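Chain residues, written in single-letter form:
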Amino acid sequence: MTMELSRRALLQGGVAAGAAVLGGVVAASSLTSCAPQGDGAGKELSSTGGQEVPSPITTTYDCDIVVMGCGFSGLAACVQAAESGAKVIGLEASTATGGGAYGIEGTLGIDTPLSRENGVTVDTVALLNSEMQASQWRADGLCWLDLLNNSADNIDWLIGQGVPFSGLVDDYWGREYATFHWYEGGHASEGYSKTMTDRAEELGVQFLLSTTGKQLVFGDDGSVAGVYAETADGWIQVNAKAVIMAGGSFANDPELLSHIGFHSDRILMAYEGGLGHSLRMAISAGGRDDSVHACGGSCPAVEALPPSSIVWGVLNEQMFYLNYDFVWINENCERFFREDAGSTAGKNLENQTPPQWAQKDVYILFDSAMYEKYALNAEDFEGDASYPVAERYMEVIDEAVKTNNGNSLYRSDTIAGLAEPFGLDPQALEKFVSEYNAMCAAGKDTVWGKDPQYLLPLSTPPYYIAKPVNHVMNTFGGIATNRHFQVITNEREPIERLYAIGNDGCMLYRNVYNIGVPGGISAHCVNSGRNAAKHAVEHCL
């Protein structure tokens, strides 16, 4: 069987985060290397550890390096490996390469020609210490050091591959450090994904789309020797001397998200990828499960409001992410954090998520004045012209309350009336609101210290109560790696021939994604992809 692929097919279709999917450790008879296997006929297979080998195998491929997931980091690995002389196959579960690149706007760089042209200088020692302190010195400092030291060369390498940058270098909307190198047009979905896909093909990389890696092939000596992958036509076997996993994240796996702290029954799926299967694959191969230390890129969402995929701007399910006036309480009608936490500590919106994890239930209170202020003052960035905020904001909330998807949004002319839908104590709720309004009148939050500009009383009916879920867009970390991005065991020993890059193999953060240093994750994707590919070429081929 031969797969016919076109460049158009590679660049069309939906967005996916990667190709690595749930699987286990299996063995191929007498398979200890990736030498050519003749006409590609399926080999006789056995099972290991009680797990059956997929059958039948319709096609067998042979290569030096197989990259599972051809998103941002996977494309970097494909190009670097092929540029270094390796025969590369890229497996992509989606119908197109590119993965999460659609949401990437720029990349970190220090002391680059572009930064010098912009008159930007960065104190790398201060930056390094800032990031380590943000993780309470639990992140891998050597990975940070490598990333910063390699950043200029990585950007030069991307430019050499033809990836277009706008020329602007700044602090990304007022972050702590001016490290952000903007891609041309403000996004990488076209310039990076298409350019790197074209470059990979030019170097001889073979992409297999709609092809999901599910199990590792192991040789008789126990070394990683390839991947079994599933297609619409059945199973294929890809024999390889090294496997680089670039699965993207486990943002759509509620069980794994619960390891971080999320409530598993309150997850709103962000996209079709990010199923966490590469993490499960690594664990099945003896890799250390580091998911408890991973962090998520998430925001609160109210299901009753229009999906962000339909109304891109402010009047959607994610509007509570941007509003510090609204008031958060738990099931006991207690405020449990300062609602403007996202505007403090480096303006990191992710600070708004962890406080929810310690509560049994969380709710958001707001009144008509708060909603109107938000709707009329917030910027409708890249908004749908058919959805003008000033004209339709009341229509949006009326429709949301009427349809009430997820039973997540209610309103009442009284504060006590907000208690009933979620079984709250009406007297406790009235008492809380009275005390909160008194603080607003005094202009001082005597409990949590919220900025006075966000202290608005709950005094203009009708009143609203919402029960949010977590809209998880991505996760960072999960598979423990060393600085070469080899998957490591509980004893910190590398598993030979097995690598994890990008979001899956990110050791830069611990539990909270710190964005004081803008462009860090995208820079890590390039750095990890290149580093793993070069290490695999040097040590596995």
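A.B. asks: Explain the packing of aromatic side chains here, please?
C.D. replies: Each aromatic ring pair is specified by the distance between its two centres and by the angle formed by the two planes. Enumeration according to the criterion identifies 23 aromatic pairs in this entry. Aromatic pair phenylalanine 72 and tyrosine 192: ring centres 3.9 Å apart, planes at 10 degrees, arrangement stacked. One end of the pair, phenylalanine 72, is in helix H2 (residues 72–83); the other, tyrosine 192, is in helix H6 (residues 191–202), with 120 residues separating them in the sequence. By the burial criterion, phenylalanine 72 is buried, and tyrosine 192 matches it.

A.B. asks: Looking at this structure, how should I read the pattern of salt bridges?
C.D. replies: It is possible for side chains of opposite charge to pair when their charged atoms get near one another. Per the stated rule, a full pass over the model turns up 23 salt bridges. With its nearest N and O atoms 2.3 Å apart, the salt bridge here joins lysine 214 to glutamate 230. Of this pair, lysine 214 sits in strand S10 (residues 212–218) while glutamate 230 sits in strand S11 (residues 224–231), and the two are 16 residues apart along the sequence. Note on lysine 214: relative accessible area 22%, which makes it partly exposed. Residue classification places glutamate 230 among the partly exposed residues on the basis of a relative accessible area of 28%. Note that aspartate 398 and arginine 411 form a salt bridge whose closest N and O atoms lie 2.8 Å from each other. Separated by 13 residues along the polypeptide, aspartate 398 in helix H11 (residues 389–403) and arginine 411 in strand S18 (residues 409–412) bring together distant segments of the chain. Residue class for aspartate 398 comes out partly exposed when judged on its relative accessible area of 33%. We classify arginine 411 as partly exposed; its relative accessible area is 35%.

Rules used throughout
- Residues numbered from 1 in each chain as written.
- Predicted model: local features only at pLDDT ≥ 70, side-chain atom pairs only at ≥ 80, totals over all residues.
- Heavy atoms only, no water.
- Phe/Tyr/Trp six-rings, centres within 6.5 Å; stacked < 30°, edge-to-face > 60°.
- Helix = DSSP H or I, 4+ residues; strand = E, 2+ residues; numbered from the N terminus.
- Buried < 20%, exposed > 50% of the residue type's maximum accessible area, 1.4 Å probe, protein only.
- Salt bridge = Lys/Arg side-chain N within 4 Å of Asp/Glu carboxyl O.

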